[in-house]
Amino acid sequence: MHFYGTERVNEQGHLEIGGVDTVELAAEYGTPLYVYDVTLIRERARGFKQTFEELGVTAQVAYASKAFSSIAMIQLAEEEGLSLDVVSGGELYTALKAEFPVERIHFHGNNKSEEELIMALETNVGCIVVDNFSELELLETLCRNRNQKVNILLRVTPGIEAHTHDYILTGQEDSKFGFDLLNGQAEHALKTALSSQNITVLGIHCHIGSQIFQTTGFILAAQKILGQLEAWYEAFDYQPKVLNLGGGFGIRYTKEDEPLPPAYYVEEIVKEVQNHINQSRLMMPEIWIEPGRSLVGDAGITLYKVGSEKDVPQVRKYLAVDGGMSDNIRPALYEAKYEAVLANRPLDPVEETVAIAGKCCESGDMLIWDLPLPKSGRGDLLAVFCTGAYGYSMANNYNRIPKPAVVFTENAESRLVIKRETYEDLVRYDLALQEVSTK
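Residues numbered from 1 in each chain as written. Predicted model: local features only at pLDDT ≥ 70, side-chain atom pairs only at ≥ 80, totals over all residues. Heavy atoms only, no water.

1. Thoughts on the side chain of Asp180
- By the secondary structure assignment, Asp180 is in strand β10 (residues 179-180).
- With no salt bridge to any partner, buried Asp180 finds its closest opposite charge in Lys224, at an N-O distance of 8.7 Å.
- Of note is the side chain of Asp180, whose polar atom sits 2.8 Å from the backbone nitrogen of Leu182. (Helix = DSSP H or I, 4+ residues; strand = E, 2+ residues; numbered from the N terminus. Buried < 20%, exposed > 50% of the residue type's maximum accessible area, 1.4 Å probe, protein only. Lys, Arg positive; Asp, Glu negative; His and termini not counted. Salt bridge = Lys/Arg side-chain N within 4 Å of Asp/Glu carboxyl O. Polar contact = N/O pair within 3.5 Å; in protein donor to acceptor, adjacent residues only side chain to side chain.)

2. Structural notes on the pattern of salt bridges
- A full pass over the atoms with the stated rule returns 21 salt bridges.
- A salt bridge links Glu79 to Arg42; the nearest nitrogen and oxygen atoms lie 3.0 Å apart. On the criterion of sequence distance, the pair formed by Glu79 in helix α3 (residues 71-79) and Arg42 in helix α2 (residues 38-55) is long-range, its members being 37 residues apart.
- Arg42 sits in the buried class, given a relative accessible area of 14%.
- Where Glu352 meets Lys375, a salt bridge forms, and the shortest distance between an N and an O atom there is 3.7 Å. Of this pair, Glu352 sits in strand β17 (residues 352-357) while Lys375 sits in the loop between β18 (366-373) and β19 (381-385), placing them 23 residues apart in sequence.
- Classification of Glu352 by relative accessible area gives buried; the value is 14%.
- A relative accessible area of 51% means that Lys375 is categorised as exposed.
- If you follow the salt bridges from partner to partner, you end up with Arg42, Arg46, Glu79, Glu80 and Glu410 in one network.

3. Side note on the pairing of strand β5 (residues 59-64)
- In terms of residue burial, β5 counts as a mostly covered element, since five of its six residues are buried.
- Where β5 and strand β6 (residues 83-86) come together, three bridges link them in parallel fashion. If you follow Ala62 over to β6, its bridge partner there is Ser83. (Pairing = 2+ DSSP bridges.)

4. Quick word on the nonpolar core
- Judged by nonpolar contacts, the single largest core of 123 residues is most densely connected at Tyr63, Phe68, Ile128, Ile152, Val296, Ile356 and Leu382.
- It is helix α8 (residues 216-236) that provides the largest number of residues to this core, a total of eight residues.
- Apart from the residues within four sequence positions on either side, Phe68 is in contact with Tyr36, Tyr63, Met73, Val296, Gly388, Tyr392, Ser393, Val406, Phe408 and Ile418.
- Listed in part, the six residues of the second largest apolar core include Val129, Leu153, Leu202 and Val242. (Core = buried A, V, L, I, M, F, W, Y, C linked by side-chain atoms within 4.5 Å. Contact = heavy atoms within 4.5 Å.)

5. So, the side chain of Ser196
- Within the secondary structure, Ser196 sits in the loop between α7 (185-194) and β11 (199-205).
- Within polar-contact distance, the side chain of Ser196 engages the side chain of Glu140 at 2.4 Å.

6. What about the environment of Ala189?
- Considering the arrangement of structural elements, one finds Ala189 in helix α7.
- Along the sequence, Ala189 and Val130 sit 59 residues apart, while their C-alpha atoms lie 9.5 Å from each other.

7. Regarding the packing of aromatic side chains
- Within the structure shown, the criterion is met by twelve aromatic pairs.
- Centre to centre, the rings of Tyr36 and Phe68 are 4.6 Å apart; their planes meet at 15°, and the pair counts as stacked. Of this pair, Tyr36 sits in strand β4 (residues 33-37) while Phe68 sits in the loop between β5 and α3, and the two are 32 residues apart along the sequence.
- Summarising the aromatic geometry, the rings of Phe68 and Tyr392 are spaced 6.2 Å apart at their centres and angled 85° between planes, so their arrangement reads as edge-to-face. Highlighted residues: Phe68 in the loop between β5 and α3 and Tyr392 in the loop between β19 and β20 (405-410), separated in sequence by 324 residues.
- Classification of Tyr392 by relative accessible area gives buried; the value is 16%.
- Through a chain of ring-to-ring contacts, three or more aromatic side chains come together here, namely Tyr34, Tyr36, Phe68, Tyr392 and Phe408.
- Geometry around Phe107 places Lys112 over its ring, the cationic atom sitting 6.0 Å from the centre. (Phe/Tyr/Trp six-rings, centres within 6.5 Å; stacked < 30°, edge-to-face > 60°. Lys NZ or Arg CZ within 6 Å of the ring centre and 35° of its normal.)

8. Concerning the confidence of the model for the chain
- On average, residues of the chain score 94 in pLDDT, and 96% of them reach the 70 mark or higher.
- The model gives residues 163-172 a pLDDT under 50, and that stretch makes 34 contacts with residues more than four places away or in other chains. (pLDDT = per-residue confidence, 0-100.)

9. Notes on the pairing of β6
- Taking every second residue as pointing to the same face, both faces of β6 are buried, with Ser83 and Asp85 on one and Leu84 and Val86 on the other.
- Handedness of the β5-α3-β6 crossover: right-handed.
- For β6 and strand β7 (residues 105-107), the ladder comprises three bridges, and the chain directions are parallel. Bridging across to β7, Leu84 finds its partner in Ile105. (Right-handed = clockwise from strand over helix to strand, strands pointing away.)

Structure (structure tokens):
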């Protein structure tokens, strides 16, 4: 049994998180329920920032809010002095509602609409990460028409394939993201942006993937980009103020995962950049990173109530829970693996191996295939670990299932930060085929 952050078994023999009994949380807020350990999120944020400070490097640690975006989460990021990575108008709007400092917002995305770019310009976000030529052209037109200047980073793909799942690779040559570094697209984009009177190229951005357990990919990406920056300095007298090497730092989901300490990623990245800079004519840039999963992933659990069961003799036993791919689509999407315990009886001896099925009408709605558990059944409370990233963010209303509530726990107190959807919420924006007669 592997616990994260403040998770422990309390005197009642129940799983506890943030000093709060999960059985009491389920009784108060219902299930399914996302629960976050705020203390662990704070520790991770401070760990990233402190490492840069100890290394004497000017940096920004931007929370990649796609991992989990809500007003309370953005406010927590602000409390910890983080910057913020948003990838849509909706994420930007959430940040604005949370009153996050706009100068620390970085606006990403491979297909920003004209409306989203105008929104970013009107709110004066800190920078826009430009992903392609059509966006660069549109942004130039908008800035010229508005007589407005904007700071940008150019996102490049350095041709690095990180050791991760194909669906979450982003830095390889054949990618929907960024300007390719190898075929000259990135250089052409830089020349185009530098010729603009309205655009300031703060620097270069890359992101090579997610759930990465090694530093090799980050080091190779830094080497390729810094080598290209030397050539651009000679050709265009261009010195970047910022080098953003993205995120993707892995976390432990199961015993097979062996992530590095977050500080180690930072140390290795900084060491590589400093070594290269010391041997070149380039000035040391600010280093930006974008942790998302590594800030919130293992700080979150999902609580489910066990319902029906099904025994298939000599095959397996299924236990169904009151959620599934509607609140955690990752197992169905890319075979993500999880560990779990009975929150109400975590220390009981293991007696069986079961498959945890969701309640959605899909054969693929399976959360965990082979989970060792005590003898269990209807009414037990299952806690699935490490659901803090891309759980609520990717939640959906398939089968018209309402989205769960979200609770923050810290210092033995819980706080509801997202209300549970109701059936009325599900039909709030539905329109009738025809007007219903009131006669």
